[in-house]
Amino acid sequence: MNIVVSIKQIPNLTDELEINAEGTGLDHDALQYVLNEFDEHAIEEAVLAKEATGGTVTVIGVDTTGELDGALHTALAKGADSAVKITGDFPRGTDSHTQAKLIADAIRGMSPDIVLTGVQAADDRDGQIGPMIAAHLGVPYVGVVTGVQVKEGKAVVHKEYAGGVMAEFEVALPMVVGVQAAHQPPRYAPVSKIRQIAKTAKIDEVTGGAGPRAGSTVRRMFKPESAGHAEMWEGSPEEVADKIATLLAEKGLVKRG
Amino acid sequence: MAKDILILAEHLNGKLADITFEMVGKAKELAAGFGGKAVAVLLGNGVKSLAESIGADSVLYVDDAALAQFNPEAYGRLLAALIQERNPRVVMIGNTSIGMDLAAGLSVMTDLPLIAYVNGLAADGGTLAATSQIYGGKIQAEALPDGEACIVACLAGAFPADTGKGSAPVEQIASPAPLDDLKVNFVKLIEPEGGDVDITQQPILVSIGRGIGGQENIELAQELADALGCAVSSSRPITDAGWLPKTRQVGKSGLTVTPKVYLAFGISGAPEHLEGMRGAETIVAVNTDSKAPIFDVAHYGATCDMLDLLPALTEKIKG
Ligand SMILES: Cc1cc2nc3c(=O)[nH]c(=O)nc-3n(C[C@H](O)[C@H](O)[C@H](O)COP(=O)(O)OP(=O)(O)OC[C@H]3O[C@@H](n4cnc5c(N)ncnc54)[C@H](O)[C@@H]3O)c2cc1C
């Protein structure tokens, strides 16, 4: 089983996101980048599939930060067998259309049985990478998936709809899967192991050509002008607890003792 | 280039999803601006009566046994063929579990730009301006397609549903592409197992997110819920980690709740979470990050540590 995982780095959303001087994008240089959390689940699901059926896991991404090695080393420490980075003039925030084309071109020759990727990323303004890779490769895609089982040229996937309803599909491989959550929480790789791997592991490098573009242009980026904002309660946890208890009492939901 | 707007009507289990009406309502407004029509496309089996309940300018439907259930491959093929045939000005698809399997692939197959996570659409002097909600709800990006035509993936709840309800002339069309050699086969629907509690029926919810820190702290939330005589619900990462059953999850892929009071503790307020709770009568958010988007929908907020607040509030309620 030849399993490929496509990953992407995105800004750390707990950082303050600053908008650039033109007001058309983020000030990427001011940001720290982290691996898209759904890609963490894709890596986990890939390693689980390999453990269940045998095979190899190759992790691949476009290096838009100059720091993709760290994410690739972590994936190797978690059980991936090889890592590939696509390099070239691809700045931070490179759109999904470009990344998907680069990844599809790079993995076509690997003849993957199954490609796993995160169902979405927080910066997918022009759409998710998974369905685009599938379209480039001419193979089916199922996303919002919480469990993948592979056997004899087929994958059985569970796709989530709203309200906890799921659909089960059986898909003839090869295919691309958009992972929402691995069927067990992503494993942890000890820092010592990642350091060890960083010293010895070889990351294959592929030079990417010019990609397509997103096909749309941002003319204004801004922080949401929310219709309202919470009335903020200052004070200690006890004081806040008191405010909440009063609110619940006013609504007749608890007795005020 | 036609001026019409094609809308993919979404349905599951014999029911049209609200997103269908939301997009149709918006499409009618935009189509009027472009001098075209809002044309809904319904793919299914035995769906004539569903087609008749969509308030578009017209409704096309394909009736085929292969479409009895949503199938991303079948839908993708038919939509790609329809787009090529009809050259619409705009294609509207839900940014939903179903739509997210389709829009980005169609963008590649048809070479049309895609603008995703859209919660604002305007016909700006004949040009379509689409606003995306990205970076976990922290940023809005207003974009114009580089060419005239494009696909937009619309977030659930972004537009009012009322104007999309009604009826329109319906027309059954032959399947524009073959459906007999699909690689994706639907097997079955899996309904959620009944939970111990029904979080949609609670007057108060103590809802916890990743700010709870660890599984060992769940009991702090449970103690408060016990004192209040209500239930604990959560954001997705908590059920994914297995700390609470799936039936406690609020949001896009969980349940929609409308309690009298929703206590959101350590929940950032990602759009997928807000989708399931913004209808609560009163929302109280506690989050150490004063910029967390949850405060934009909450009525009251505080930035204290939830791990201090939970026991303090439990004490207060117990009196
Ligand atoms: C297709 C799809 C469907 C999804 N469906 C759902 C869904 O149904 N429901 C859902 O919830 N999510 C859903 N998600 C996931 C969603 O995108 C977010 O990842 C998720 O809602 C984040 O959960 P969170 O707020 O608990 O975690 P985070 O975003 O990590 O937020 C944790 C918050 O806790 C705060 N915090 C940390 N420590 C403390 C402390 N001690 N005291 C107080 N505050 C603290 C932090 O400031 C932060 O704001 C879905 C995603 C996708 C792609």
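Refer to the preceding data block for the structure.
Residues numbered from 1 in each chain as written. Chains lettered and ligands numbered in written order. Predicted model: local features only at pLDDT ≥ 70, side-chain atom pairs only at ≥ 80, totals over all residues. Heavy atoms only, no water.

Visitor: Lay out the overall build of chain A with the relevant residues and their values.
Guide: The secondary structure content of chain A amounts to six helices and 13 strands. Considering only intrachain contacts with a sequence separation of at least 6, the fraction spanning at least 24 residues in chain A is 72%. For chain A, the accessible surface area stands at approximately 10,500 Å², while carbon and sulfur atoms represent 49% of it. If you average the places of the 24 positive and of the 36 negative side-chain charges in chain A, the two averages end up 3 Å apart. (Helix = DSSP H or I, 4+ residues; strand = E, 2+ residues; numbered from the N terminus. Contact = heavy atoms within 4.5 Å. Areas by Shrake-Rupley, 256 points an atom, 1.4 Å probe, with all protein chains shown as cover. Lys, Arg positive; Asp, Glu negative; His and termini not counted. Charge placed at Lys NZ, Arg CZ, Asp CG, Glu CD.)

Visitor: Give a description of the interface of chain B and chain A that names residues and reports values.
Guide: Listed as interface residues are 82 residues of chain B and, on the opposing side, 81 residues of chain A. A salt bridge links Glu16 of chain A to Lys291 of chain B, with the shortest nitrogen-to-oxygen separation between them at 3.5 Å. Inspection of the region where chain B meets chain A yields 35 residue pairs in polar contact (both at pLDDT 80 or more). Broken down by class, the residue content of the side of chain B that touches chain A amounts to 45 nonpolar, 17 polar and 20 charged. Taken together, the two bridges between strand S13 (residues 231-232) of chain A and strand S17 (residues 300-302) of chain B define a ladder with parallel strand orientation. The residue of S17 of chain B that forms the bridge with Glu231 of chain A is Tyr300 of chain B. (Salt bridge = Lys/Arg side-chain N within 4 Å of Asp/Glu carboxyl O. Polar contact = N/O pair within 3.5 Å; in protein donor to acceptor, adjacent residues only side chain to side chain. Nonpolar A, V, L, I, M, F, W, Y, C, P; charged D, E, K, R; others polar. Pairing = 2+ DSSP bridges.)

Visitor: An account of the packing of aromatic side chains is needed here, citing residue identities and associated values.
Guide: Given two aromatic rings, one states the distance between the centres and the angle between the planes to describe the pair. What the rule picks out here adds up to three aromatic pairs over all chains. Ring centres of Trp233 of chain A and Tyr300 of chain B lie 4.8 Å apart, and the angle between their planes is 15 degrees; this geometry places the pair in the stacked category. In this pair, Trp233 of chain A sits in the loop between S13 and helix H6 (237-250) while Tyr300 of chain B sits in strand S17, so the two residues belong to two different chains. With a relative accessible area of 9%, Trp233 of chain A lands in the buried category. Under the relative-accessibility criterion, Tyr300 of chain B is labelled partly exposed at 23%. Look at Phe70 of chain B and Tyr75 of chain B: their rings are 4.8 Å apart centre to centre, the planes differ by 75 degrees, and that puts the pair in the edge-to-face class. (Phe/Tyr/Trp six-rings, centres within 6.5 Å; stacked < 30°, edge-to-face > 60°. Buried < 20%, exposed > 50% of the residue type's maximum accessible area, 1.4 Å probe, protein only.)

Visitor: Describe the sheet that holds strand S14 (residues 231-234) of chain B, listing the residues and the values that go with them.
Guide: What the six strands build is an open sheet, ordered S13(A)-S17(B)-S16(B)-S15(B)-S13(B)-S14(B); its pairing is parallel. Strands at the two margins of the open sheet, each flanked by one partner only, are S13 of chain A together with S14 of chain B. Set on the sheet, H6 of chain A makes contact with strand S13 (204-208), strand S15 (261-265), strand S16 (282-286) and S17 of chain B; between it and S15 of chain B the angle comes to about 160 degrees. Across the face of the sheet, helix H5 (residues 218-228) of chain B comes into contact with S13, S14 and S15 of chain B while running at roughly 175 degrees to S13 of chain B. (Axes fitted to C-alpha atoms, helices over the stretch in contact; angles between N-to-C directions.)

Visitor: So what about H6 of chain A? Which residues, and what values?
Guide: A rise of 1.5 Å per residue sets the reference length of H6 of chain A, with its 14 residues, at 20 Å; its end C-alpha atoms lie 20 Å apart and thus fit the reference within 8%. Pro237, Val240, Ala241, Ile244, Ala245, Leu247 and Leu248 of chain A are the residues of H6 of chain A that are buried. An end-on view of H6 of chain A places all buried positions within 160 degrees of arc, on one side of the element. As for H6 of chain A, its buried residues are in contact with S13, H5, S15, S16, S17 and helix H9 (306-318) of chain B. Following H6 of chain A by one or two positions, Gly252 of chain A has its phi on the positive side, about 70 degrees. (Expected span 1.5 Å × (residues − 1). Arc of directions from axis to C-beta.)

Visitor: Mind laying out helix H1 (residues 37-53) of chain A, listing which residues take part and the relevant values?
Guide: Residues and elements named next belong to chain A. The terminal C-alpha atoms of H1, which comprises 17 residues, lie 25 Å apart, in line with the 24 Å expected from a rise of 1.5 Å per residue. Among the 17 residues of H1, 12 are classified as buried, and the element is accordingly described as predominantly covered. Restricting attention to buried positions, one finds in H1 the residues Phe38, Asp39, His41, Ala42, Ile43, Glu44, Glu45, Ala46, Val47, Leu48, Ala49 and Lys50. Two residues or fewer after H1 comes Gly54, characterised by a positive phi angle close to 85 degrees.

Visitor: Describe the sheet that holds strand S5 (residues 58-63) of chain B, naming the residues involved and giving the relevant values.
Guide: Pairing in this open sheet of 10 strands is mixed, and the strands run S12(A)-S9(B)-S8(B)-S7(B)-S10(B)-S6(B)-S1(B)-S4(B)-S5(B)-S11(B) from one edge to the other. Looking along the sheet, the strands with just one partner apiece sit at the ends: strand S12 (216-222) of chain A together with strand S11 (170-172) of chain B. Adjacent strand axes in the sheet meet at a mean angle of 30 degrees, parallel and antiparallel pairs treated alike. Where strand S6 (residues 90-94) of chain B and strand S10 (residues 150-154) of chain B come together, five bridges link them in parallel fashion. Looking across to S10 of chain B, one finds that Gly94 of chain B is bridged to Cys154 of chain B.

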